[in-house]
Amino acid sequence: MSDTLQNSESTTREERFEHGLKILERVDGEAGRRVVDALGDINPELGHQIVAWAFGDIYDRPGLAPRDRQLVTLGMLTALGGCETQLEVHVNAALNVGLSSEQIVEALLHSAVYCGIPKAMNATLVAKKVFGERGLLPVGQQPTAGPNAA
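Remember, it's a predicted structure, so these values are computed and weren't measured experimentally.

## Some thoughts on the environment of I23
Point 1. Secondary-structure assignment places I23 in helix 1 (residues 13-38).
Point 2. Each C-alpha atom, one on I23 and one on G56, is 6.5 Å from the other, the two residues being 33 residues apart in sequence.

Spelled out as structure tokens, the structure:
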């Protein structure tokens, strides 16, 4: 990514935050900013770390494309369970960085094997909410492939 800011002693706390904010807004849009703003009256330092560290330092690393990072994030939040608020933000982010609703549904279906059906179902219902808000329902269904499908 071209926006990469090297974390060095010459990089100020505010510069790291501003850099992270650019990445957060590019990926999560307004939803990400709302999450950080919601922390302002209870734990502004957590909001700062989410922006500066999670997005500015980690998310902006060049090793994975944003869409790949979102696939990993969807899988991890599904596996953790109980992260529906964050999952909602990251389903939106996944759409923002180029994943289709069909790809997101497929990733959540795949998670059922490794995370269990209840967690995959909860994650899918979060995705359904986001897709509904964005006018993406119903999601196109892939035909069921038999053992001899090409």
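Moving on from the coordinates now.
## Regarding unusual backbone geometry
Point 1. Following L137, the chain continues into P138 via a peptide bond in cis, with omega recorded as -5 degrees.
Point 2. Within the element layout of this structure, P138 appears in the segment after helix 6 (117-133).

## As for the packing of aromatic side chains
Point 1. As enumerated under the stated definition, the model contains one aromatic pair in all.
Point 2. Above the ring of Y59, the side-chain terminus of R69 is found at 6.0 Å from the ring centroid.

## Some remarks on the environment of L136
Point 1. By secondary structure assignment, the location of L136 is in the segment after helix 6.
Point 2. The class for L136 is partly exposed, based on a relative accessible area of 30%.
Point 3. Taking the C-alpha atoms as reference points, L136 and S101, separated by 35 residues in sequence, lie 7.3 Å from one another.
Point 4. The residues touching L136, leaving out its near neighbours within four places in the chain, are L95 and F131.

## Looking at the pattern of salt bridges
Side chains carrying opposite charge are able to pair once their charged atoms draw close together.
Point 1. Per the counting criterion, the structure on display carries eight salt bridges.
Point 2. R33 is paired through a salt bridge with D37; the nearest N and O atoms lie 3.2 Å apart. Residue R33 and its partner D37 are located together in helix 1, separated by four residues, close to a single helical turn.
Point 3. Classification of R33 by relative accessible area gives partly exposed; the value is 25%.
Point 4. Classification of D37 as partly exposed rests on a relative accessible area of 46%.

## Regarding the side chain of N92
Point 1. Following the sequence through the fold, N92 ends up in helix 4 (residues 84-96).
Point 2. When its relative accessible area of 13% is taken as the criterion, N92 is described as buried.
Point 3. Those residues in contact with N92 that lie beyond four places of it in its chain are V130 and R134.

## Structural notes on the packing of helix 3 (residues 66-80) against helix 4
Point 1. At their nearest, the axes of helix 3 and helix 4 sit 10 Å apart, and the two run at 160 degrees to each other. Classified by the interaxial angle, the pair formed by helix 3 and helix 4 is roughly antiparallel. Judged by the twist between their axes, the crossing of helix 3 over helix 4 is left-handed. Contacts between helix 3 and helix 4 involve Q70, T73, L74, L77 and T78 from the first element and Q86, L87, H90, V91, A93 and A94 from the second.
Point 2. Counted by class, the contact of helix 3 with helix 4 contains six nonpolar, five polar and no charged residues.

Rules used throughout
- Residues numbered from 1 in each chain as written.
- Predicted model: local features only at pLDDT ≥ 70, side-chain atom pairs only at ≥ 80, totals over all residues.
- Heavy atoms only, no water.
- Helix = DSSP H or I, 4+ residues; strand = E, 2+ residues; numbered from the N terminus.
- Phe/Tyr/Trp six-rings, centres within 6.5 Å; stacked < 30°, edge-to-face > 60°.
- Lys NZ or Arg CZ within 6 Å of the ring centre and 35° of its normal.
- Buried < 20%, exposed > 50% of the residue type's maximum accessible area, 1.4 Å probe, protein only.
- Contact = heavy atoms within 4.5 Å.
- Salt bridge = Lys/Arg side-chain N within 4 Å of Asp/Glu carboxyl O.
- Axes fitted to C-alpha atoms, helices over the stretch in contact; angles between N-to-C directions.
- Parallel < 35°, antiparallel > 145°, perpendicular 65-115°, else oblique.
- Left-handed = near helix turned anticlockwise from the far one by under 90°.
- Nonpolar A, V, L, I, M, F, W, Y, C, P; charged D, E, K, R; others polar.

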